[in-house]
Amino acid sequence: MKRWMHALVIFAVFAVVWEILVRVGLIPEIFVPPPSRVALYLGKSLWDGTLLDASGVTLRRLLLGYLVGLAAGLPLGLLNARFKFMEDTVGMLALGLQTLPSVCWVPLALLWFGQTETAMFFIVIMGSLWSVILATDAGVRNVSPIYIRAARTMGSRGLHTWIKVIIPASLPFIVSGMKQGWAFAWRSLMAAEIYVTILTGFGLGHLLHYGRELHAMEQVVGIMLVIIMIGLLADKVLFSPWERFLYRRWGKEKA
Amino acid sequence: MQGLEHELKNPPPQKLVVEGVSKQFKIRRNIVQALDNVSLQVREGEFVCLVGPSGCGKSTLLNIIAGLEKPDTGQVLADGQPVTGPNRMRLMMFQESALFPWLDVLGNLMFSLNLKPNLSRKERREVAKFYLHLVGLEKFAHANIHELSGGMKQRAALARSLAPNPAVLLMDEPFAALDALTREQLYGDIQRIWEQRRKTIVFVTHNVREAACLGDRVVLFSPSPGRIREQFTIDLPRPRDINSVALAEHTTKITRALKRYLPGAATEVAE
């Protein structure tokens, strides 16, 4: 709680100094809007619903795409670790495609799916899938063989060993891969939303883009703050419980 | 009448029979003969210690008895049946505890018990509690593995190995990573538990004194190629104290024998 107070005080001081610097004209207002105008914009757009609508559209794309990425990435990662053939094919592909920023898929996605939600899903999936595959694969390969041997002498076989030993033992890797996949998905979606207009829904990226076109920098900065808030919140809601579990059980530092 | 004669003449049945087992490993381009035509018999309820320097194949033999590795030639019989793979009647305990960090202590015991059929959930929990009590960890049922000391980890691992009630316990240098005081405590514990539960134990160590303290019989291995050289019967009363003079006599005898087979390489063996 004390740490929260520290952060709050520091940010408040920062905002006040910023406001004063803009007001006295040391920073030109056309470059940086004062915090009061950003707050005004956020309040207004919260009131008329544009902010909540846009956040809803963005989060829906992100969560659905990310879930598909996880649902495909976890089993593919396990298969890669188990079968040499998969490792040589899907594994290589994943390694290559992970280095490709997924916004590079935008031209093809638009060609294949048009300006639709599907194109957005596709880009989010391409952003998260590969790191989940690679992390799961690496996690399984790093499971200490002694766990598997111990389990086998206790009578564990085949699928039981996979579900009860190999997957839980690779959990630290899997969780950090999931986190990385989330970060990549979030970045790709923002890039894609700024880059293309999808008529079925205006996300946060679109609001940021329009802010630029109208030179409404208080809107740009306001949306940036919202994006940061959502990122922090996701970290707390989605990953903190896992990390707390890992920390408690393994006694390791957070992944 | 013939039945009685048969009964009196024949020794107790062999629990484990190792027949002419050989095993080679390829390390880079060198072939290492880990085991060369090794034969060994272990009676039911016997405590046998395999002793020898690192690389003499004693751990390999233990893995083969466990069914975790296959011999190149020869075979292992358990209760007269050839060993083809791991079986929960022959549980193995390792130098590192190999406890699962994603489960608490009780969870680890339940892992081995859940693989044993014909027990209700309640019975399993009771069995787990019984063995936790036996090793003195009843207060740590819900502790996380990383919170335990080295000695407590090995106690928990012992409880996990004992819980499914295996006939044979295979122990691969289980106390090697512990400090001397903790080890002495565990010598007492393992002897007490062995007397109570009457397991057949095959115990691998490179510590001669430890072997003499625990074993009914000490089997001496020499390396490259891994062979059994001599066997020593230790007929001291139990419980044995690791620091007793009578034990030291046995230790000296075994260490001398060991040095004969290892010109210049005896430094790796603790007396």
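Rules and cut-offs
Residues numbered from 1 in each chain as written. Chains lettered and ligands numbered in written order. Predicted model: local features only at pLDDT ≥ 70, side-chain atom pairs only at ≥ 80, totals over all residues. Heavy atoms only, no water. Helix = DSSP H or I, 4+ residues; strand = E, 2+ residues; numbered from the N terminus. Contact = heavy atoms within 4.5 Å. 1 Å grid on protein atoms, 1.4 Å probe; cavity = no way out; pocket = protein on both sides within 12 Å on 5 of 7 lines; lining within 4 Å. Points joined across faces, edges and corners; volume = space filled by probe spheres on them. Disulfide = S-S within 2.5 Å. Buried < 20%, exposed > 50% of the residue type's maximum accessible area, 1.4 Å probe, protein only. Salt bridge = Lys/Arg side-chain N within 4 Å of Asp/Glu carboxyl O. Axes fitted to C-alpha atoms, helices over the stretch in contact; angles between N-to-C directions. Parallel < 35°, antiparallel > 145°, perpendicular 65-115°, else oblique. Left-handed = near helix turned anticlockwise from the far one by under 90°. Nonpolar A, V, L, I, M, F, W, Y, C, P; charged D, E, K, R; others polar. Phe/Tyr/Trp six-rings, centres within 6.5 Å; stacked < 30°, edge-to-face > 60°. Lys NZ or Arg CZ within 6 Å of the ring centre and 35° of its normal. Domains from an automatic or database assignment. Buried area = accessible area lost by both parts, 1.4 Å probe. Polar contact = N/O pair within 3.5 Å; in protein donor to acceptor, adjacent residues only side chain to side chain.

*Asks:* Please explain the overall build of chain A as it appears in this structure.
*Replies:* Summing up its helical and strand segments, chain A has eleven helices and zero strands in all. Across chain A, helices and strands are ordered from the amino to the carboxyl terminus as α-α-α-α-α-α-α-α-α-α-α. Its C-alpha atoms give chain A principal-axis dimensions of roughly 75 × 50 × 30 Å. For chain A, long-range pairs separated by at least 24 residues make up 71% of all intrachain contacts whose partners lie at least 6 apart in sequence.

*Asks:* Which parts of the structure should I look at to understand empty space enclosed by the protein?
*Replies:* Scanning all chains against the criterion turns up one cavity of 30 Å³ or more. Roughly 60 Å³ of volume is contained in the largest cavity. Forming the boundary of the largest cavity are Ala150(A), Thr153(A), Met154(A), Leu91(B), Met92(B), Met93(B), Phe94(B), Ser97(B), Ala157(B), Arg160(B) and Ser161(B). Elements supplying a minimum of two residues to the lining of the largest cavity: α7 (145-153) of chain A together with β6 (90-93) and α5 (150-162) of chain B.

*Asks:* Would you take a moment to explain the state of the cysteines for this structure?
*Replies:* Chemically, a disulfide is nothing more than a covalent bond linking the sulfur atoms of two cysteines. Residues and elements named next belong to chain B. For the structure shown, the criterion picks out zero disulfides over all chains. For the unlinked cysteine cysteine 49, the closest cysteine sulfur is that of cysteine 213, found at 8.8 Å. On the accessibility criterion, cysteine 49 (0% relative accessible area) is buried.

*Asks:* What is the right way to read the pattern of salt bridges from this model?
*Replies:* This model, assessed by the stated rule, comprises 22 salt bridges over all chains. Here Asp88(A) and Lys84(A) are joined by a salt bridge, their closest N and O atoms 3.2 Å apart. With a gap of four residues between them, Asp88(A) and Lys84(A) both fall in helix α4 (residues 84-98), about one helical turn apart. The class for Asp88(A) is partly exposed, based on a relative accessible area of 44%. Note that Lys58(B) is salt-bridged to Glu173(B), the shortest N-O span being 3.9 Å. Of this pair, Lys58(B) sits in helix α2 (residues 58-66) while Glu173(B) sits in the loop between β7 (168-172) and α6 (180-197); the two residues are 115 residues apart in sequence, bridging distant segments of the chain. Each member of the pair, Lys58(B) as well as Glu173(B), is classed as buried.

*Asks:* Teacher, can you tell me more about the packing of helix α3 (residues 105-114) of chain B against α5(B) here?
*Replies:* In a packed pair of helices, the relevant descriptors are the angle between the two axes and the axis-to-axis distance. Residue and element names in this part refer to chain B. Relative orientation of the contacting elements α3 and α5 amounts to 25 degrees, with a least axis distance of 8 Å. With respect to α5, the element α3 is oriented roughly parallel. The way α3 lies across α5 gives a crossing that is right-handed. Contact residues: Val105, Asn108, Leu109 and Ser112 in α3; Ala156, Ala159 and Arg160 in α5. Split by residue class, the contact of α3 with α5 holds four nonpolar, two polar and one charged.

*Asks:* In this structure, what is going on with the packing of aromatic side chains? I would like to understand it.
*Replies:* We describe a pair of aromatic rings using the distance from one ring centre to the other and the angle between the two ring planes. Considering all chains together, one arrives at 18 aromatic pairs over all chains under this definition. The interplanar angle of 90 degrees and the centroid separation of 6.3 Å between the aromatic rings of Trp112(A) and Phe113(A) together place this pair among those described as edge-to-face. Aromatic ring contacts, followed pair by pair, group Tyr147(A), Trp250(A), Phe100(B), Trp102(B) and Phe111(B) into a single cluster. Directly above the ring of Phe100(B) sits Arg160(B), whose terminal nitrogen or CZ lies 4.7 Å from the centroid. In this structure, Arg198(B) is placed above the aromatic ring of Trp194(B), and the distance from its NZ or CZ to the ring centre is 4.4 Å.

*Asks:* What am I meant to see in the domain arrangement of chain B here?
*Replies:* One frequently used descriptor of interface size is the decrease in accessible area upon assembly of the parts. Residue and element names in this part refer to chain B. Domain annotation for chain B reports domain 1 (14-89 + 168-271) and domain 2 (101-165). For domain 1 and domain 2, the distance between their C-alpha centroids amounts to 26 Å. The partner domain 2 presents 15 residues to the 16 residues of domain 1 that form the contact. Taken together, both faces of the contact between domain 1 and domain 2 bury some 1300 Å²; the carbon and sulfur share is 61%. When the area that domain 1 buries against domain 2 is broken down by residue, the three leading residues are Arg88, Ile193 and Arg197, summing to 37%. Our enumeration of links across domain 1 and domain 2 arrives at one salt bridge. Of the charged contacts, one joins aspartate 189 and arginine 155 as a salt bridge, the two residues approaching to 2.9 Å between their closest N and O atoms. Here domain 1 and domain 2 share seven residue pairs in polar contact (both at pLDDT 80 or more) between them. Counting residues per element, the ones that place at least two in the side of domain 1 that touches domain 2 are β7 and α6.

*Asks:* Please explain the interface of chain B and chain A as it appears in this structure.
*Replies:* The partner chain A presents 22 residues to the 25 residues of chain B that form the contact. Where chain B abuts chain A, roughly 2100 Å² becomes buried across the two surfaces, and 65% of that area is made up of carbon and sulfur atoms. At the junction of chain B with chain A, the criterion picks out zero salt bridges. Linking chain B with chain A are seven residue pairs in polar contact (both at pLDDT 80 or more). Secondary structure elements with two or more residues in the side of chain B that touches chain A: β6 and α3 of chain B. Here the side of chain B that touches chain A takes three residues from β6(B), the largest share from any one element. Residues of the side of chain B that touches chain A, tallied by class, amount to 13 nonpolar, six polar and six charged.

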